[in-house]
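# Descriptive structure summary
Below, each chain spelled out in residue letters.
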Amino acid sequence: MAKHTRLYLLRHGQVEGFGNKRYNGQADVALTPLGQEQSQALGERLADRPLAAVYTSDLSRCAYAARCLAAPQGLQPIPLAEMRELHIGEWEGRTWQELQEIYPEQWRARLKDLVNYRVPGGESLAEMAARVRPALEEIISRHRGEEIALVGHGGVNRVILLDAIGAPLTRMFAIEQDYACLNILDYFVDGNTVVKLLNG
């Protein structure tokens, strides 16, 4: 079998305000105490894996988990701004309920074109994917035949997973990414990718 790069793709732990569906976007929201415990558990879960590197979004909710993963390995996390969550502009920090009341037309417009609609002051899903993809490709090519970890966000992880199975971005919400979940992907040199674990 072709030599492959194994990616442990994780989502950050539970964040403050989790009880109400909201768009945190690139706001640097804090983890809850449970979110910190979940991050520590991720570090324990992968402590016996021979990780060559730990990459992370540079937002603190991801960086905390990355430190938990890297410490047992004697590594320092590598922060990447390219792996930040979707920049949601004027909607950042607002709940879905608030948005439907304040921006009803924009809310409907985004639902109608999830991939290309850009919230004022933010970026579209297509634009986010365009920054995530080359950063991931560089990571994978740098670590041929090795095992690595990446701590990302719900949106970022979905882009990576959809690409892995050849599904379009319109299927964004057909994949669940719970807080502190683990996905395992194998990237082969022939260009094929196999998802070994989803939302574990």
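Reading the values: the criteria
- Residues numbered from 1 in each chain as written.
- Predicted model: local features only at pLDDT ≥ 70, side-chain atom pairs only at ≥ 80, totals over all residues.
- Heavy atoms only, no water.
- 1 Å grid on protein atoms, 1.4 Å probe; cavity = no way out; pocket = protein on both sides within 12 Å on 5 of 7 lines; lining within 4 Å.
- Points joined across faces, edges and corners; volume = space filled by probe spheres on them.
- Helix = DSSP H or I, 4+ residues; strand = E, 2+ residues; numbered from the N terminus.
- Nonpolar A, V, L, I, M, F, W, Y, C, P; charged D, E, K, R; others polar.
- Expected span 1.5 Å × (residues − 1).
- Buried < 20%, exposed > 50% of the residue type's maximum accessible area, 1.4 Å probe, protein only.
- Contact = heavy atoms within 4.5 Å.
- Pairing = 2+ DSSP bridges.
- Axes fitted to C-alpha atoms, helices over the stretch in contact; angles between N-to-C directions.
- Salt bridge = Lys/Arg side-chain N within 4 Å of Asp/Glu carboxyl O.

## A word on the layout of surface pockets
- Considering only enclosed or pocket space, the largest pocket measures out at about 790 Å³ in volume.
- As for the largest pocket, its lining consists of 33 residues, of which Arg11, Arg22, Trp96, Arg158 and Phe173 are closest to the centre.
- Elements with a minimum of two residues in the lining of the largest pocket: helix H5 (125–142) and helix H6 (154–165).
- Ranked by residue count, the leading element in the lining of the largest pocket is H6, at three residues.
- Computed from the structure, the second largest pocket encloses a volume of approximately 240 Å³.
- Every residue lining the second largest pocket is counted, 13 residues in all, and those nearest its centre are Arg133, Leu136, Glu137, Asp163 and Tyr187.
- Breaking the lining of the second largest pocket down by element, the ones donating at least two residues are H5 and H6.
- When residues of the lining of the second largest pocket are assigned to their parent elements, the largest contribution, six residues, is made by H5.
- When the residues that make up the lining of the second largest pocket are grouped by side-chain class, the tally is seven nonpolar, two polar and four charged.

## What about H6?
- With 12 residues, H6 extends 17 Å from end C-alpha to end C-alpha; this agrees with the ideal 16 Å at 1.5 Å per step.
- Counting buried residues in H6 gives 10 out of 12 residues, a clear majority hidden from the surface.
- Where H6 is buried, its residues touch strand E1 (4–11), H5, strand E4 (147–152), strand E5 (182–188) and strand E6 (193–197).
- Two residues or fewer past H6, glycine 166 is found with a positive phi of approximately 75°.

## Thoughts on the sheet that holds E4
- Taken together, six strands build an open sheet; the order of strands is E3-E2-E4-E1-E5-E6 and the sheet is mixed. Two strands in the sheet have a free side with no partner beyond their single neighbour: strand E3 (78–80) and E6. Strand-to-strand, the axes of this sheet are offset by a mean angle of 25°, without reference to chain direction.
- With four bridges connecting them, E5 and E6 associate as antiparallel partners. The partner of tyrosine 187 across the bridge, within E6, is threonine 193.
- Lying on the sheet, H5 is in contact with E1, strand E2 (51–57), E3, E4 and E5; it crosses E4 at an angle near 160°.

## Considerations on the pattern of salt bridges
- Evaluation of the coordinates by the stated rule reveals eight salt bridges.
- Here arginine 6 makes a salt bridge to aspartate 186, at a shortest N to O gap of 2.7 Å. Taken together, the residues span a long stretch of sequence, with arginine 6 in strand E1 and aspartate 186 in strand E5 at a distance of 180 residues.
- Judged by its relative accessible area of 3%, aspartate 186 is buried.
- With a closest N to O distance of 2.6 Å, aspartate 58 and arginine 84 form a salt bridge. Taken together, the positions of aspartate 58 in the loop between E2 and helix H2 (60–70) and arginine 84 in the loop between E3 and helix H3 (96–102) put the pair 26 residues apart, joining distant regions of the chain.
- For aspartate 58, a relative accessible area of 30% translates into the label partly exposed.

## Overview of the environment of leucine 162
- Its place among the elements puts leucine 162 in helix H6.
- On a C-alpha basis, the gap between leucine 162 and glutamate 137 in space is 15 Å, while along the polypeptide they are 25 residues apart.
- With residues near it in sequence (within four places) discarded, leucine 162 still touches Ala167, Pro168, Leu169, Arg171, Met172 and Ile175.

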